[in-house]
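Summary of structural features
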Amino acid sequence: MPSIDLNSDLGESFGTWTLGDDDAMLSIVTSANVACGFHAGDPRTILDTCRAATENAVRIGAQVGYRDLAGFGRRFIDIEPADLTADVLYQMGALDGLAQASGSAIAYVKPHGALYNAIVTHREQARAVVEAVRSYDPTLPVLGLPGSVFLDEARSAGLRTVAEAFADRAYTPTGELVSRRTEGAVLSDPSEVAQRVLRLVRDGVVEAIDGSTVSVDAESICVHGDSPGAVDMALAIQTLLSDNDIDISAFV
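Residues numbered from 1 in each chain as written. Predicted model: local features only at pLDDT ≥ 70, side-chain atom pairs only at ≥ 80, totals over all residues. Heavy atoms only, no water.

1. Quick look at the side chain of Thr30
Under the convention used in this document: Under the DSSP-based scheme used, a helix requires at least four consecutive residues in state H or I and a strand at least two consecutive residues in state E, with every element numbered from the N terminus. Throughout, exposure labels follow a simple rule: accessible area from a 1.4 Å probe, protein chains only, divided by the maximum for the residue type, with under 20% read as buried, over 50% as exposed, and the rest as partly exposed. Whether two residues are in contact is decided by their heavy atoms, any of which lying within 4.5 Å being enough.
Along the chain, Thr30 turns up in the loop between α1 (22-26) and β2 (31-35). By relative accessible area, Thr30 is classed as buried at 13%. For Thr30, the residues in contact, after removing those within four places along its chain, are Asp5, Leu6, Val58, Arg59, Ile248, Ser249 and Ala250.

Dropping the structure here:
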């Protein structure tokens with residue numbers, strides 16, 4: 001039976017501000033990309049998310065990003081590589097401590113937002129993130145966009161790489177994500193999203209924003225926890241994949 005991992009960005013609430021329905025998503029997904037406090041999340045939120053992930057047997061991933069709470073980590077920062085390595089190490093260590101206190105541990109690393117997009121092509125920053133993961137625990141897999149220099153650098157450093165696709169984001173004809181500033185960049189129709197995922201898992205392709213077909217070879221698929229109707233989309237994906245004898249299971 002074919003299988004695919006389903007991941008989501010969680011633990012992004014802050015103080016009295018609530019973002020998404022983490023409890024509902026954790027009953028569906030198999031991997032949780034948990035905020036580490038730099039782009040979102042406060043210690044209590046992160047701890048509660050780790051506990052809930054552990055209770056649901058969901059793998060915990062460190063979603064590391066730029067130090068950018070005000071911009072939700074979606075603004076590029078021209079940071080020195082050594083500083084970026086230290087920032088990523090700091091975030092991994094903080095999340096791992098909270099995860100271990102919850103009876104689990106971090107199982108992989110996935111960059112967030114602007115950092116994720118930057119290291120598709122920004123080799124210096126990609127190397128800085130890879131160095132942080134390699135220094136902390138070289139057995140940890142990293143998630144990234146297929147064809148990115150980040151995954152190239154990670155493979156060269158001996159890290160396990162996991163190619164990722166996005167259920168609720170539009171693609172360019174070259175296989176990159178359409179900027180969130182562009183109309184149609186974020187998808188929200190559960191049926192449409194589920195059908196895209198089914199096609200991606202079965203055929204390894206996704207329709208780009210211009211109608212062309214893009215090849216995407218992915219082990220994990222992301223449904224953003226802050227997207228409109230995130231839970232409905234995740235449920236639609238779960239149901240459609242199950243109906244087509246495709247198992248949803250963690251890649252680690």
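2. Quick notes on the packing of aromatic side chains
Under the convention used in this document: Pairing of aromatic rings covers Phe, Tyr and the six-membered ring of Trp, with a centre-to-centre limit of 6.5 Å; geometry is then stacked below 30 degrees between planes, edge-to-face above 60, and tilted otherwise.
Within this structure, the stated rule accounts for four aromatic pairs. Ring centres 5.8 Å apart and planes at 40° place the aromatic pair Phe38 and Tyr90 in the tilted group. Separated by 52 residues along the polypeptide, Phe38 in the loop between β2 and α2 (43-55) and Tyr90 in helix α3 (residues 81-101) bring together distant segments of the chain. With relative accessibility at 6%, the residue Phe38 sits in the buried group. Relative to Phe76, the ring of Tyr66 has its centre 6.1 Å away and its plane inclined at 90°; by these criteria the two rings are edge-to-face. Here Tyr66, found in the loop between β3 (59-64) and α3, pairs with Phe76, found in the loop between β3 and α3; they are 10 residues apart in sequence, far enough to count as distant. With relative accessibility at 2%, the residue Tyr66 sits in the buried group.

3. Some thoughts on the pairing of β3
Filter applied, for reference: Pairs of strands are assigned from DSSP output, requiring at least two bridges between the strands. Every crossover in which the path from the first strand over the helix to the second runs clockwise, viewed with the strands pointing away from the viewer, is termed right-handed.
Counting buried residues along β3, five of its six residues qualify, which places the element largely inside the surrounding structure. Where β2 and β3 come together, five bridges link them in parallel fashion. Within the sheet, the bridge partner assigned to Ala32 lies in β3 and is Ile60. One crossover worth recording links β2 to the parallel β3 by way of α2, and it is right-handed. Alignment of β3 against strand β4 (residues 106-111), held across five bridges, turns out to be parallel. Note that in β4 the partner of Gln63 across the bridge is Lys110.

4. Focus on the state of the cysteines
Filter applied, for reference: Note on terminology: disulfide denotes any pair of cysteine sulfur atoms within 2.5 Å.
Applying the stated criterion to the full structure yields zero disulfides. Free cysteine Cys222: the closest other cysteine sulfur is in Cys36, separated by 15 Å. A residue is classified by how much of its surface remains accessible, and Cys222, at 0% relative accessible area, is buried.

5. Thoughts on a nonpolar patch on the surface
Selection criterion: Patch construction takes residues with relative accessible area above 30% that form no salt bridge. Like charges are linked within 9 Å, and nonpolar side chains (Val, Leu, Ile, Met, Phe, Trp, Tyr) are linked within 5 Å. Accessible surface is estimated by sampling points in the Shrake-Rupley manner with a 1.4 Å probe; for residues, cover comes only from the protein chains shown. When a carboxyl oxygen of Asp or Glu lies within 4 Å of a side-chain nitrogen of Lys or Arg, that pair is called a salt bridge.
On the surface, a cluster of nonpolar side chains totalling about 310 Å² of accessible area is made up of Phe14, Trp17 and Leu69. In this fold, Trp17 is placed in the loop between β1 (3-10) and α1.

6. Points about the side chain of Asp9
How we decide: What qualifies as a polar contact is a pair of N or O atoms within 3.5 Å, subject to a donor-acceptor requirement within protein and to the restriction that residues adjacent in sequence count only when both atoms come from side chains.
Looking at the element boundaries, Asp9 is found in strand β1. Separated by 2.8 Å, the side chains of Asp9 and Asn33 make a polar contact. At a separation of 3.0 Å, a polar atom in the side chain of Asp9 contacts the side chain of Gln63. Dropping the residues within four chain positions of it, Asp9 is found in contact with Asn33, Gln63, Lys110, Cys222, Val223, His224 and Gly225.

7. So, unusual backbone geometry
With a phi close to 55°, Ala57 is a non-glycine residue in the positive phi region. Tracing the backbone through its elements, the reader meets Ala57 in the loop between α2 and β3. The phi angle at Phe72 is positive, at roughly 55°, despite the residue not being glycine. Structurally, Phe72 is set in the loop between β3 and α3. On the basis of relative accessibility, which here comes to 14%, the residue Phe72 falls in the buried class.

8. Topic: the pattern of salt bridges
Applying the stated rule across the entire model yields 11 salt bridges. Between Asp48 and Arg44 there is a salt bridge, with the nearest N and O atoms lying 3.0 Å from each other. With a gap of four residues between them, Asp48 and Arg44 both fall in helix α2, about one helical turn apart. Residue classification places Asp48 among the partly exposed positions, given a relative accessible area of 33%. By relative accessible area, which is 58% here, Arg44 ends up exposed. The partner of Asp68 in a salt bridge is Arg75, with the nearest N and O atoms 2.5 Å apart. Classification of Arg75 as partly exposed rests on a relative accessible area of 46%. Look at the salt bridges and you will find they share partners, linking Asp9, Lys110 and Glu164 into a network.

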